[in-house]
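Per-entry structural report
Below, each chain spelled out in residue letters.
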Amino acid sequence: MGKKKHKKIRKKGLPPGSLIYTGHHEDSPASVFSVWYTNEAYHARESYAPEWLQQQDGIQWVDVRGLTDTALVEKIGQDFQLHHLALEDVLNTQQRAKLEEYDNSLFFILHNLRLDKESFELQSEQIGVFLGENFVISFQEDSDDTLHFVRKRALEGQGRLRKRSCDYLFYAILDTIVDHYFGVLDELDTTIQELEAELHADGARANLKDRIYDLKRNNNRLRHFILPLRDATNRLYRSDCLLIQEVNRPYLRDLTDHVSQIFDSAEFAREQLSEIAGHYQAEIGNRLNDVMRLLTIISTIFIPLSFIAGVYGMNFEHMPELHWQNGYFIALGIMLAITLTMLTYFRRNKWL
Amino acid sequence: MGKKKHKKIRKKGLPPGSLIYTGHHEDSPASVFSVWYTNEAYHARESYAPEWLQQQDGIQWVDVRGLTDTALVEKIGQDFQLHHLALEDVLNTQQRAKLEEYDNSLFFILHNLRLDKESFELQSEQIGVFLGENFVISFQEDSDDTLHFVRKRALEGQGRLRKRSCDYLFYAILDTIVDHYFGVLDELDTTIQELEAELHADGARANLKDRIYDLKRNNNRLRHFILPLRDATNRLYRSDCLLIQEVNRPYLRDLTDHVSQIFDSAEFAREQLSEIAGHYQAEIGNRLNDVMRLLTIISTIFIPLSFIAGVYGMNFEHMPELHWQNGYFIALGIMLAITLTMLTYFRRNKWL
Amino acid sequence: MGKKKHKKIRKKGLPPGSLIYTGHHEDSPASVFSVWYTNEAYHARESYAPEWLQQQDGIQWVDVRGLTDTALVEKIGQDFQLHHLALEDVLNTQQRAKLEEYDNSLFFILHNLRLDKESFELQSEQIGVFLGENFVISFQEDSDDTLHFVRKRALEGQGRLRKRSCDYLFYAILDTIVDHYFGVLDELDTTIQELEAELHADGARANLKDRIYDLKRNNNRLRHFILPLRDATNRLYRSDCLLIQEVNRPYLRDLTDHVSQIFDSAEFAREQLSEIAGHYQAEIGNRLNDVMRLLTIISTIFIPLSFIAGVYGMNFEHMPELHWQNGYFIALGIMLAITLTMLTYFRRNKWL
Amino acid sequence: MGKKKHKKIRKKGLPPGSLIYTGHHEDSPASVFSVWYTNEAYHARESYAPEWLQQQDGIQWVDVRGLTDTALVEKIGQDFQLHHLALEDVLNTQQRAKLEEYDNSLFFILHNLRLDKESFELQSEQIGVFLGENFVISFQEDSDDTLHFVRKRALEGQGRLRKRSCDYLFYAILDTIVDHYFGVLDELDTTIQELEAELHADGARANLKDRIYDLKRNNNRLRHFILPLRDATNRLYRSDCLLIQEVNRPYLRDLTDHVSQIFDSAEFAREQLSEIAGHYQAEIGNRLNDVMRLLTIISTIFIPLSFIAGVYGMNFEHMPELHWQNGYFIALGIMLAITLTMLTYFRRNKWL
Amino acid sequence: MGKKKHKKIRKKGLPPGSLIYTGHHEDSPASVFSVWYTNEAYHARESYAPEWLQQQDGIQWVDVRGLTDTALVEKIGQDFQLHHLALEDVLNTQQRAKLEEYDNSLFFILHNLRLDKESFELQSEQIGVFLGENFVISFQEDSDDTLHFVRKRALEGQGRLRKRSCDYLFYAILDTIVDHYFGVLDELDTTIQELEAELHADGARANLKDRIYDLKRNNNRLRHFILPLRDATNRLYRSDCLLIQEVNRPYLRDLTDHVSQIFDSAEFAREQLSEIAGHYQAEIGNRLNDVMRLLTIISTIFIPLSFIAGVYGMNFEHMPELHWQNGYFIALGIMLAITLTMLTYFRRNKWL
C-alpha cells in the first residue's frame, strides 16, 4: 500500500464516465484471480475466466488487484453489465465510502487502511465490490492479497461461506476489510497510551507537541474514512434490495455494529488526544511558572542586597558609616535580615 | 472486576460466529447458578440444570459468571437456541451496549461499571442478557455475584418479581446493573467537588492538572459506555416485541429515565470539568502575572538605584560630587525620591 | 428551599416502587392544603380531605408541601389511584423534568428554582403534579407556599381559573412555577452585566476569575434543569391525552413558548459567559505584556549603563581613562547617549 | 428605537392574558395609521377607523405605533377578534420571533433591528403582525414609521401590492422589516473588515480586545434574533393555512431564503470573529516572545560582563591581576570575547 | 472573475422582483452565446436567437455572460416565461446556492470559485441555470467562457450529450462548475501542506500566524459556499420533477457525491487548520519557555556572584577579609562553588 496523498486529480473537460485511473498505486501491476464454487465444487484460476459467465449455477468471484489495466476493468464491466459511472468510481480512487444500488447490482466502495509503523502515516487503498445475482467482483487498488482469508474459507469449505448465497460472500469480503480497522485503532490506542505515559513522566518536552499533532491529524483522517463507511454499512443493513437474503441480515447488522464500534473508538481517541493537548498546554504554562518563580525569587532577594553593597561601594569622601568600627558587620546583618524576611514572605505565599 | 484495557483482540481470518473469549477476565473461573420459580415455588442450584428445560410452566434463570469455559457457553446456546452471532458477542467482550431482537429472543448487552478508589480507574465488566419466552440467561464476564439482590427478591417472594412474567425478571436484572452507574457518578461528583474546593484554596498546584486530566478521561470513558446504553434502553422501551408485556412497559420507561438521568449527570460532569480546566488555566496565568509583577516592581525600583550607586563607585580622578560635603546624603536623597516616585506609579496602576 | 447537592442517594437492592424520601429537605414538615371548587363554590382546608373524593362535580386540588411523611404520600396515591412508580419519582427527588402519561392521569415533574443572593448558589425544589379527570395533586419538596398566587386566583374567582376545567388549573400551576425561572435569569443577567462592567473597568482582577467560574457553573446547572423541561412542556403541548381540552391548548403553547424563551436566554448567557472568560484570558495576557514591557524597558536601559559604571569602578592600576580630566563627564555623556538611543528604539517600536 | 436591555419584566401572580406593556419604549406615544384599499381605491387616515370593519370588500391595514396605550390595543383586539394571548405577546415585548396560527388569523412576531453607530449597540423593536381574512394589523413598539415604503407602494398602486390579496400585504410588511437585517449585517461586516485591517497593521493593541468582545456580543445577540425568525418564516412558508394563497407562496419562499442568507452571514461573521480573537491571542503571545527575547539578549550579554567588572572592583589587598600592566585591557578583551560569543549563539538560534 | 466582497447591496423600498444588477462584475459587458442542437444537427450563434423558440424539436441553450444588460435578461425571461423572482435572484448576486422548482422550470443557483494565486483570496462568480422542457439557460456574472468544455462536447457529438435530453445538458453544466471546486481544494491542500512543513522547520515565525488566519478565513468562506450547494444538489437528486428523466438520475447522484466529497475535504481542511493553529500556539509557548529558561539560568548563576563581588567592593574601613592573604582567591573559590552547585541543580531538573 503506497502512501495516498490527499490530492484530487481530475480529468478536466472529459465527459463523466471516462475510465482513467487517477490513484497513487501506479506501480501495482493488474492481476486477476477468479473463483467459481457451488456447495460441492470449488475452482480457482489466476486469470480472468469469462467463460464461467455461462454457468447456470454456482457463484463466481472475480478479484482484480491493481487498477492500472483500464481495458481489463472495462471488459469486466461490459461482461457483467456494470454501470459505467460505478466503473469510473472504481478507477477514480478518491471516493468516500458509499453504497450504490443499481438495477441489477449493488456497488460498495470502502478503503483498506494500514498505519505505517515508521512514518506513522495512515495509508489507504480503495476497494470497490460489486454484488450481482450470482457473482461478486472486487476491485483492489493494490496488488496485496488482502482477501486471502476469504478465499481460504471458500476453498476449505469452512464455516458458512460455501453453503450460503452470493451476498454472504459479499458480506465476508466487507467484514474482512473492516476488521483491519481494529488493527489501526489498536496501534493508535497504544501510541496514545505511550504518549500519556511520557506526558506524566516529563510533561513539557518539545517533541511531544509534534507527536500530538501527528496523531491528531491521522485520527482526523481515520474519522473521515469511517464516517461515510458507517452511513454506507447502515444503508446496506437497511436496504430492501432483493439481492440480500433475509437469513444473512444479522450478519450485516453485525458488520454495522463493528463499524459503529470503530467509529466510537476513533471518537474516544479524538477526545483523548484533545485532553492530552490541553494537558500539554497546561504543562507548558506550569513549567513557565516554575522557571519564572525561580528567577523572581533569586532576583528579589539579591537585587536589594546588591544595591546595599553598591551604596557602600560609592567613593564619596564623607560617608560616616564607612568609618564605623562595625559598619561592615552591621551592613552584613541588614542584608541577612532582608534575606530572611524575603524567604519568610516566599514561604508564606507557598513559593518555596 | 479486573481492569479493562481499551484494547481490541480480534480473531483474524476466522469466520464470524467463532466462539473465543477475548476479554481481560481470564482468571475468573466459570460458574453457573440456576434458578427456577413459579408464583408458588422456588428452586435454586449452583450448577447448570438442563433438565429444567422440560418444565412446562415457571421461569428459568441461568446466571453464568465467568466466560472462560466456552464449551459451556456453546452448550447453553444450543439448548436455548440462541443465535451464534449473539453468543460470539457474549464472548467478544469489547461490545458497545446494544439491544438485538431475534426471532425467539431479545439480547441485551450492557456493562457493569465500578470506579476503583485507589487507581481511580473506571473498571468494566460486560454482561449479556437473553430474554426468551420462559427463560432469562445472563452471561457475566466476572465471577462477582452482581445480581444477588435480584435473586434474593426472587427467593423471598418480595415485591412483584415472583408474580410477574419473564420480562420483569429481565428488567430487574438490567435495572440492578444500571443502578451501579449512580454509584460511579456519585464518586465522580464527590471528586469533582473536592477538586473545586482545592482549586479555590490553592489554585495553581501542579498536581491538580494531572487529576483534572484523569477525571476527564474517566468521564469520557463513562460517557462512551452510557451513550449506546441510552439508545439500547430507549429501543427496548419502544420495542414492539411480543416477549414484553404491556403491564411492564412503565418499568422499562423508568429504566430509560434512569439512563437519561445518568447521561445527563455525566454531561454535567463533563461541562464542570471543562470549566475547571479553564479555571485552572486562568489561575496559572494569574499566578504568572503575580510572579512577574513582583519581579518587575523589585527590578524597576532597584536597577536605577544600583546604577546611581555604581556611578559614584567609579574611580575617576575628577568627580566633583564625591568631594561635596553632603554628596553622599544628596545621593541617598535622590535614591529615596526615585523609590517614592516608582511606588506612587505602581500604586496608581494598582500593581500594589 | 434548602441547598440541593447534586448527589444521588439510591436505595440499593430494594425493588422499584419503594417509597423512601431521598431529598435534602428533611427539615420541611409535611403539610397538606386541600381546595375544592366549582364555578360557584370554593372550599379550602389546611389538611387532607379524603371525603371530597366522593364529590360528583367540581375540581379538587390537593397541595402537599414537604415530603417527609411518606405514609401520607402513599395514602393519597392509593385514594387517587396514582401509579406507584410515579409516587416513587415524587419522593426520589433527583429526577429530571418529565411528563408521563398513565391510563387515568398525567404526571409532570419540574423544579422550582431560586438563586440564593448571598452564596449565589442555584437552589432547587422538585415539584410533582398529577392531573386526573377531576383532581390536581401537587407534591412540593419544600414547605414554602409557592403556589399561593394560584390559590388566590381560585379563591377570588379572578380570571379564567374557576370557569375552566381541571387541566387549566394544572396549566396554571406549571405556569406559576415556570415564571420563577425568569426571575433567576434576570438575576443572572444582572450579574453578568456587572461582571462585564468590572471587566471593562479593571480587567485582570484575580477574583473575577472565581466569579466567572461560579456563574458558568450555575448557568450550566440551570441549563440542565431547562433542557428536559423544554422537552416535557413540548410533549405536553403536543399530547393527545383526553384530559387536556382543546380550548386550553393555546395556553400550553404559551407555556412552551415561555420555556423556549427561558432556554434561549440561558443559551445567550452561556455564550456571553464564554466570551467574558475569553476576554478575561486576553486581559491577563495583555497585562502580562504590559508588565514585561516595563521590566524590559528598565532593564534594557540600565543594565548596559550599570555595566559601564562597573567598568570604571574596577581597581586596575593602569586605567588611562580614570586620569583624564573629563573622563567622568565623557562617561556620563556616553551613558546619556545610550539612554537616548534606547528610548528612540522603544518609541519607534511603539513600546512607549 | 430605544436601547432594549435583555431584561424580563414579568407580571407576577397575574393570570395569563393580562394586558400590560413591559417594554423599554415607554416614551413612544401610541399613534394609529389606518389604510383601506381595493384594487381601485385607496383611503388613509391618521387614526383608528373602526367603521371600516363594516366594509364588505377591500383590505384594511391598521398600523399601531407605540404600545403605551393598552386600552387601544385591547379595543382593536376585540374589534378584530384577536386572541388575548396573542395580544399579551404584543405588549410583552421580550418575545422571540414566532408564528402562531389561530382559527381566524395568523400572528407573526419579529424584530426590527438597528445598529447604533456610536455606542455600537444592537437596538431592537418588537413588531407583531396579524393577518386576517381581509385585514392586516401591525403593532410596532416604536413610533418610527418603519413601514412607510409599504404604504407608499400601496398608495401609488406600484408593483403587485394593490392587485393582490391580503397575505401579500402581510408578506410585504415582513419583507420590509427583514430587509433591515441586511443593513445591520453590512455594518457588522464593515466593522469586522476594519478590525482585520487594524489587526494586521498593529496586532496587539489593547483596545482591540474590547472591540472584538463588543462585536462578538452583538453578533451573538443578532443570532438569537435570527434563529427563531428562521424557524418562523420557514413555518410560514410551509403553513397550509387557508389565509395564504398559492400564488403568493414563491414570495414566502423568497422571504425564507433571505432569512437563511442573513443567518448564514451572521454565522460567517461569528466564525470570522472567532478567528480574529484567536489571531489576537496569538499576536499577544508573539509580542510577549519578542519582548522577552530582547530582555533575555540584553541580560544574557551584560550580566556576565557586569560580574567581571564587579570582580575587579573588589577591594582585596592581594589581587595580582590589578597590578598587571595590561590587566585592564585584558579584562576588556575578555568582555569583548564573551559578547561576541553570545551574539554568535543568538544569531545561530535565529534570535537576532 | 473579480474579487467579490462579502457585501450586500439592497434596493431599499423597491418591491420584490425589481431587476437591478447588484454584483461586483460591472466591468463585464453582457454577451450571449446561443446553441441549438438535436441528435443530428448543431447550430451555434454569438448572439441571442429568439427565433429558435419556434423550433418544435431539439434543445436550445442560451448562455448569457455578464449581467450588466438587465433589459436583455428581462427579455429572455419573458420569452422563456421565467419567474420574475428567479430573474431577480439572477441579478442580485449575493445568493446562496439553491434549487427552486417552478411550474414549468427548474432554477439552480451556484457559484464558480477560483483561488487567486497572488492575493490568496477566494473569488466567486454567481451562475444561475434554468432548465425548461426543451431549453437550458445559463446566466453567468462574468464574461469568462467557463462552460466551453460543455459546448465543445455538444459540438463534437462526443459522449452522451447530444443523444440525451435537456436535463443531461443541465447536469453537464452543473458538473463542469462543481469540478472547479476540486481545483480550489487542491490548492488549499497544497498550501496547508507547505504550512505544515514550515511549522515543523521553524515553528514560531510570526508571519505564519497571518497565513494561518488567511487560510482559515478562506476555508470558512469556501464552506459557506459548499454547505448550501450540498443541500441544493441533494434536493435536485431527490426531486420528483418531471423535467428530470429517470435514466439521468445516476448522474445527479454522482454530482451529489462529488459535492459531498468536496464538503468532506473542506471539513478535513478545517480540522487540519485548527490543529495547525493549536500547534502554532504550543510552539509559541515552548519558545517562550526556552527564552525564559536561558534568562533564568544566566540570572540565577550571575546575580549571586555579582552580589559577592559587590560586597567585597564596599569601602568600609574595617573589613577583615580584605586583608587576608588569600581573600581574593577564597572569594573566587566560593563563586566557583556556587556556580557548580547551580549547574548541577539545573542539570538535575533537565534545564540544561
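Residues numbered from 1 in each chain as written. Chains lettered and ligands numbered in written order. Predicted model: local features only at pLDDT ≥ 70, side-chain atom pairs only at ≥ 80, totals over all residues. Heavy atoms only, no water.

A short note on the relation of the copies chain B and chain A
Heads up, the rule is: A residue counts toward the fit only if its pLDDT is at least 70 in both copies, and the copies are then superposed by least squares on the C-alpha atoms of those residues. Contacts are assigned to residue pairs with any non-hydrogen atoms lying within 4.5 Å of each other.
Expressed as a screw operation, the relation of chain B to chain A combines 0.1 Å of axial shift with a rotation of 72°, fitting to an RMSD of 0.2 Å. With respect to symmetry, the two chain copies, as superposed, fit the operation of a five-fold axis. Scanning chain B for the C-alpha nearest the rotation axis identifies Gly-313 of chain B, at a separation of 4.8 Å. A distinct binding surface is used by each copy, with only 15% of the interface residues of chain B retained as interface residues in chain A.

A word on a nonpolar patch on the surface
Note the following rule: Residues enter a patch when their relative accessible area is above 30% and they make no salt bridge; the linking distance is 9 Å between like charges and 5 Å between nonpolar side chains (Val, Leu, Ile, Met, Phe, Trp, Tyr). Note that accessible areas follow from Shrake-Rupley with a 1.4 Å probe, and for residues the cover is restricted to the protein chains shown. Salt bridges are identified by distance alone: a Lys or Arg side-chain nitrogen within 4 Å of an Asp or Glu carboxyl oxygen. Labels follow the DSSP assignment, with helices taken as runs of H or I lasting at least four residues and strands as runs of E lasting at least two, numbered in each case from the N terminus.
On the surface, Leu-336, Leu-340, Leu-343 and Leu-352 of chain A cluster together to form a nonpolar patch covering roughly 370 Å² of accessible area. Mapping Leu-336 of chain A onto the fold places it in helix α8 (residues 327–348).

Quick look at the relation of the copies chain B and chain C
The transform that puts chain B on chain C rotates by 72° and translates by 0.2 Å along the axis, for an RMSD of 0.2 Å. Different-surface contact between copies: only 16% of interface residues of chain B are shared with the interface of chain C.

Some words on the interface of chain B and chain A
Going by this rule: Two parts lose some accessible area (1.4 Å probe) when they are put together, and adding that loss for both gives the buried area. For the purposes of these results, a polar contact is taken to be a pair of N or O atoms within 3.5 Å, where, inside protein, one atom must be able to donate a hydrogen and its partner to accept one; residues adjacent in sequence count only when each atom of the pair is a side-chain atom. Residue polarity follows a fixed list, in which Ala, Val, Leu, Ile, Met, Phe, Trp, Tyr, Cys and Pro are nonpolar, Asp, Glu, Lys and Arg are charged, and the others, Gly among them, are polar.
Across the boundary between the two partners, chain B contributes 66 residues, which contact 63 residues of chain A. Across the chain B/chain A interface, buried area totals approximately 5800 Å², and carbon plus sulfur atoms make up 58% of it. Our count for the contact surface shared by chain B and chain A stands at seven salt bridges. Notably, a salt bridge pairs Asp-264 of chain A with Arg-96 of chain B, separated by 3.6 Å at the nearest N-O pair. Viewed at the interface, chain A and chain B are joined by 21 residue pairs in polar contact (both at pLDDT 80 or more). Residue composition of the side of chain B that touches chain A, grouped by class: 29 nonpolar, 17 polar and 20 charged.

Details of the confidence of the model for chain A
All names here are of chain A. Stated formally: pLDDT is a per-residue confidence score from the predictor, ranging from 0 to 100.
This prediction gives chain A a mean pLDDT of 87; 93% of its residues lie at or above 70. For chain A, helix α3 (residues 148–156) is the element with the lowest average pLDDT, namely 84, and strand β7 (residues 135–140) is the one with the highest, namely 95. Across residues 1–9, where pLDDT falls below 50, the model places 36 contacts with residues more than four positions away in sequence or in other chains. Interface confidence in the predicted complex, given as ipTM, is 0.82; pTM for the same model is 0.86.

Quick word on the side chain of Glu-125 of chain D
All names here are of chain D. Note the cut-off: Relative accessible area decides the class of each residue, using a 1.4 Å probe on protein chains only: under 20% of the type maximum gives buried, over 50% gives exposed, and in between gives partly exposed. A positive count includes Lys and Arg, and a negative count includes Asp and Glu. His and the chain ends are not counted in either.
Structurally, Glu-125 can be placed in strand β6 (residues 122–131). We note that Glu-125 is buried and unpaired, the nearest opposite charge coming from Arg-65 at a distance of 7.9 Å. A distance of 3.0 Å separates a polar side-chain atom of Glu-125 from the backbone nitrogen of Asp-142.

A word on α8 of chain A
All names here are of chain A. Here is the rule: Multiplying 1.5 Å by the helix residue count minus one yields the expected span of that helix. Note: the arc covers the axis-to-C-beta directions of the helix.
Compared with the 32 Å implied by 1.5 Å per residue over 22 residues, the 32 Å span of α8 between its first and last C-alpha is a close match. Along α8, the positions that sit buried rather than exposed are Gly-327, Tyr-328, Ala-331, Met-335, Thr-339, Met-342 and Phe-346. Seen from one end, α8 has its buried residues packed into an arc of 115°, which puts them on one side. Across α8 from its buried face, at more than 90 degrees, point the exposed residues Leu-336, Thr-341, Arg-347 and Arg-348. Phi for Lys-350, located one or two positions after α8, is positive at around 60°.

Some points on the pairing of strand β7 (residues 135–140) of chain E
For a regular strand, side-chain orientation follows a simple rule: the groups alternate between the two sheet faces. All names here are of chain E. To be explicit about the condition: The pairing criterion is simple: DSSP has to find at least two bridges between the two strands.
Counting buried positions along β7 gives six out of six residues, so the element sits mostly inside the fold. Burial along β7 is two-sided: the face carrying Phe-135, Ile-137 and Phe-139 and the face carrying Val-136, Ser-138 and Gln-140 are both buried. Note: strand β3 (residues 59–65) against β7, six bridges, orientation parallel. Bridge pairing links Asp-63 to Ser-138 in β7. Sheet analysis places strand β6 (residues 122–131) next to β7, joined by five bridges and oriented antiparallel. Looking across to β7, one finds that Val-129 is bridged to Ser-138. Between β6 and β7, which follow one another and run antiparallel, lie three residues.

Some details on α3 of chain A
Residue and element names in this part refer to chain A. Residues of α3 that are buried include every one of Val-150, Arg-151, Arg-153 and Ala-154, and no others. All buried residues of α3 lie within an arc of 160° about the axis, which places them on one face of the element. Of the surrounding elements, those touching the buried residues of α3 are β1 (31–37), β2 (42–45), β3 (59–65) and α4 (166–201). Phi turns positive, to about 65°, at Gly-157, one or two residues after α3.

Brief notes about the packing of helix α6 (residues 249–311) of chain A against helix α6 (residues 249–311) of chain E
When two helices pack together, their arrangement is given by the angle between their axes and by how far apart the axes lie. The following threshold applies: Note on method: axes are straight lines fitted to C-alpha atoms, helices fitted across the in-contact stretch only, with angles between N-to-C directions ranging 0 to 180 degrees. Reported orientations rely on four angle classes, namely roughly parallel under 35 degrees, roughly antiparallel over 145, roughly perpendicular from 65 to 115, and oblique for the rest. We call a crossing left-handed when the near helix sits turned anticlockwise from the far one by less than a right angle, and right-handed when that turn is clockwise.
At their nearest, the axes of α6 of chain A and α6 of chain E sit 9 Å apart, and the two run at 20° to each other. One element, α6 of chain A, and the other, α6 of chain E, form an angle in the roughly parallel class. Of the two elements, α6 of chain A crosses α6 of chain E, and the hand of that crossing is left-handed. Split into classes, the residues belonging to the contact of α6 of chain A with α6 of chain E amount to 19 nonpolar, twelve polar and two charged.

Description of the nonpolar core
Quick note on the threshold: The criterion is simple. A nonpolar core is a set of buried Ala, Val, Leu, Ile, Met, Phe, Trp, Tyr and Cys residues joined through side-chain atoms within 4.5 Å.
Counting residues in each nonpolar core, the largest one holds 130 residues, and the members touching the most others are Met-292 of chain A, Met-292 of chain B, Met-292 of chain C, Met-292 of chain D together with Met-292 of chain E. Other than its neighbours up to four places away in sequence, Met-292 of chain A contacts Leu-288, Val-291, Met-292 and Leu-295 of chain B together with Met-292 of chain E.

Considerations on the arrangement of the chains
One thing to see here is that chain B and chain D don't touch, and their nearest C-alpha atoms sit 9 Å from each other. With no contact between them, chain C and chain E keep their nearest C-alpha atoms 9 Å apart.

Focus on the packing of aromatic side chains
Heads up, the rule is: When the centres of two rings from Phe, Tyr and Trp lie within 6.5 Å, Trp using its six-membered ring, the rings pair. Their planes under 30 degrees apart give stacked, over 60 give edge-to-face, and anything left gives tilted.
Summed over all chains, the structure comprises 57 aromatic pairs over all chains. On the numbers, 4.6 Å between centres and 55° between planes, the contact of Phe-80 of chain A with Phe-135 of chain A is tilted. Linking Phe-80 of chain A in the loop between α1 (70–79) and α2 (84–91) with Phe-135 of chain A in strand β7, this pair joins segments that are 55 residues apart in sequence. Taking the relative accessible area as the measure of exposure, Phe-80 of chain A reaches 4% and is therefore buried. Ring geometry for Phe-107 of chain D against Phe-130 of chain D: centres 4.3 Å apart, planes inclined by 15°, an arrangement best described as stacked. Of this pair, Phe-107 of chain D sits in strand β5 (residues 106–115) while Phe-130 of chain D sits in strand β6, and the two are 23 residues apart along the sequence. For the pair formed by Phe-107 of chain D and Phe-130 of chain D, the shared burial category is buried. Each member of the aromatic cluster is reached from another via a ring pair, and the members are Tyr-312, Tyr-328 and Phe-329 of chain A together with Phe-316 of chain E.

So, the pattern of salt bridges
Enumeration over the complete set of coordinates arrives at 105 salt bridges over all chains. Put simply, Lys-98 of chain B and Asp-257 of chain A hold a salt bridge, and the shortest N to O gap is 2.4 Å. Of this pair, Lys-98 of chain B sits in strand β4 (residues 98–101) while Asp-257 of chain A is found in helix α6, placing the two residues in two different chains. There is no split in this pair, since Lys-98 of chain B and Asp-257 of chain A are both buried. A salt bridge links Arg-223 of chain C to Glu-267 of chain C; the shortest N-O distance between them is 2.8 Å. Here Glu-267 of chain C lies in helix α6 (residues 249–311) and Arg-223 of chain C lies in helix α5 (residues 206–238), a separation of 44 residues in the sequence. Of the two residues, Arg-223 of chain C and Glu-267 of chain C, both sit in the buried class. One continuous salt-bridge network, built from bridges that share partners, spans Asp-89, Lys-98 and Glu-100 of chain A together with Arg-253 and Asp-257 of chain E.

Brief notes about the sheet that holds strand β2 (residues 42–45) of chain D
All names here are of chain D. Reading across the sheet, the seven strands line up as β2-β1-β3-β7-β6-β5-β4 and stay open at both edges, with mixed pairing between neighbours. Both outer strands of the open sheet, β2 and β4 (98–101), are each paired with one neighbouring strand and no more. Going from strand to strand, the sheet's axes swing by 15° on average, the running direction of each strand aside. For β4 and β5, the ladder comprises four bridges, and the chain directions are antiparallel. Looking across to β5, one finds that Glu-100 is bridged to Phe-107. Contacting β1 (31–37), β2 and β3 (59–65), helix α3 (residues 148–156) runs over the sheet at an angle of about 150° to β3.

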